[in-house]
Amino acid sequence: MFDELFPFDFLKIISKTPIDKINEIRLRLNKKIVISIANKSYFLSNDGLTGNIEKAISVDKSLIDEIFKRACENSVYAFSNEIKSGFITTKGGIRIGLSGEGVYDKESIRTLKNINSLTIRIPREARGCSENVLPYLFDGRFLNTLIVSPPGCGKTTFIRDIVWELSQKNYCYNVLIVDERFEIANCFNGVSTLDVGNFSDILSGTHKDYAFENGIRSLRPDIIVTDEISNKRDYDAVVSASNSGVNIIASIHARDVEDLKYKLDFDIVLKNKVFSRFVVLSSRDGPGTIEGIYDEGMRCISY
């Protein structure tokens with residue numbers, strides 16, 4: 001997975017860790033390397049994982065620059081649209097969040113320069129994590145569902161598994177995955193690197209409003225799946241799609257259903273009663289912990 005992304009010396013050190021369990025690697029300029037496994041953080045030493053910061057390896061500019069160059073396949077220009085959005089998706093489906101200095105063209109950001117940290121997120125499939133919830137998402141038909149949780153609690157993994165479960169159980173719904181930030185299907189050069197079932201069409205790297213409008217017209221989805229609705233533009237797209245007779249599965253950052261009532265501009269979604277089910281996740285017992293399933297009136301119906 002990391003062979004083409006990491007330089008050889010760094011790869012040798014990473015290989016001393018339980019590499020198949022890593023969720024996230026954080027490389028911050030002149031700071032210690034931090035690795036997350038199962039919602040716990042460790043430092044990286046020359047001997048593998050450690051809890052001792054004194055033994056931890058620091059990140060220099062050459063390491064950040066080398067990994068950034070490899071992620072871009074030596075062509076920063078080819079990845080310019082992703083870079084200005086603050087991330088790169090690599091060949092293996094790994095998503096790298098970027099921080100640095102914004103370069104503006106008038107009022108629009110053109111790119112990032114002087115990259116000073118990389119957040120390397122490794123997608124993991126958790127087959128069956130949504131299986132016990134799935135029966136609550138039907139009432140003679142599939143119900144519009146919003147997955148609610150703080151960042152890092154498994155929303156994307158959960159959504160991906162719902163799509164996979166629908167396919168495995170042969171519901172034969174045509175599913176349009178609107179993967180704006182390449183996180184659900186993790187497409188690279190148009191090919192999904194994660195299993196999203198047999199009935200999925202994938203639109204990656206496009207704004208939700210464009211993908212919803214054009215996808216409904218051209219792909220005839222029964223269900224549209226999208227991640228992290230976060231602003232009025234997204235909310236309007238969701239309302240419009242639901243009014244077109246298409247079902248929606250989406251996610252949103254919030255602590256619980258009460259938080260949704262105070263999110264800026266989200267009232268348009270609540271007033272239109274777009275979602276009939278709300279599934280709240282946390283990381284209390286690890287990412288994907290189900291805290292509750294709620295109906296359209298935000299009344300808890302399970303867990």
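Colleague: Looking at this model, I keep getting lost on helix H4 (residues 155–168). Mind explaining?
Modeller: Three or four residues apart is the spacing at which side chains of an α-helix point the same way, because the helix has 3.6 residues per turn. The terminal C-alpha atoms of H4 lie 20 Å apart, and with 14 residues this matches the ideal 20 Å at 1.5 Å per residue to within 8%. Burial analysis of H4 places twelve of its 14 residues in the buried class, which makes it a mostly covered element. Phi for asparagine 170, located one or two positions after H4, is positive at around 60 degrees.

Colleague: I tried to follow helix H6 (residues 232–242) on my own but got confused; where do I start?
Modeller: The complete set of buried residues in H6 reads Asp234, Tyr235, Ala237, Val238, Val239, Ala241 and Ser242. Looking at where H6 begins, the residue whose side-chain oxygen comes 3.1 Å from the main-chain nitrogen of arginine 233 is asparagine 231.

Colleague: Looking at this structure, how should I read the pattern of salt bridges?
Modeller: If charged atoms from side chains of opposite charge come close, those side chains can pair. Inspection of every chain in the model, using the stated rule, returns 24 salt bridges. One salt bridge in this structure joins lysine 208 and aspartate 234, with 3.8 Å as the shortest N-O distance. Of this pair, lysine 208 sits in helix H5 (residues 208–219) while aspartate 234 sits in helix H6, and the two are 26 residues apart along the sequence. For the salt bridge of arginine 255 with aspartate 259, the shortest nitrogen-to-oxygen distance reads 3.4 Å. Using a relative accessible area of 59% as the deciding quantity, one classes arginine 255 as exposed. Looking at aspartate 259, the relative accessible area reads 23%, which means it is partly exposed. A single network of salt bridges, built from pairs that share partners, joins Glu66, Lys69 and Arg70.

Colleague: Can you help me understand the pairing of strand E13 (residues 223–226) in this one?
Modeller: Every other side chain in a regular strand lies on the same face of the sheet, so the side chains alternate between the two faces. The alternating pattern of E13 places Ile223 and Val225 on one face and Ile224 and Thr226 on the opposite face, and all of these are buried. Where E13 meets strand E14 (residues 247–253), three bridges bridge the pair, whose relative direction is parallel. Opposite isoleucine 223, over in E14, you have asparagine 247 as the bridge partner.

Colleague: Looking at this structure, how should I read the nonpolar core?
Modeller: General note: in soluble globular proteins, nonpolar side chains tend to be found buried as a group. Counting residues in each nonpolar core, the largest one holds 34 residues, and the members touching the most others are Phe6, Ile25 and Ile120. Those elements that provide at least two residues to this core are helix H1 (8–14), strand E1 (22–28), strand E2 (34–37), helix H2 (61–71), strand E6 (95–105) and strand E7 (108–121). Top contributing element to this core by residue count: H2, with five residues. Core analysis: the second largest hydrophobic core is formed by 28 residues, Ala241, Leu260, Phe266 and Val269 among them.

Conventions and cut-offs
Residues numbered from 1 in each chain as written. Predicted model: local features only at pLDDT ≥ 70, side-chain atom pairs only at ≥ 80, totals over all residues. Heavy atoms only, no water. Helix = DSSP H or I, 4+ residues; strand = E, 2+ residues; numbered from the N terminus. Expected span 1.5 Å × (residues − 1). Buried < 20%, exposed > 50% of the residue type's maximum accessible area, 1.4 Å probe, protein only. Polar contact = N/O pair within 3.5 Å; in protein donor to acceptor, adjacent residues only side chain to side chain. Salt bridge = Lys/Arg side-chain N within 4 Å of Asp/Glu carboxyl O. Pairing = 2+ DSSP bridges. Core = buried A, V, L, I, M, F, W, Y, C linked by side-chain atoms within 4.5 Å.

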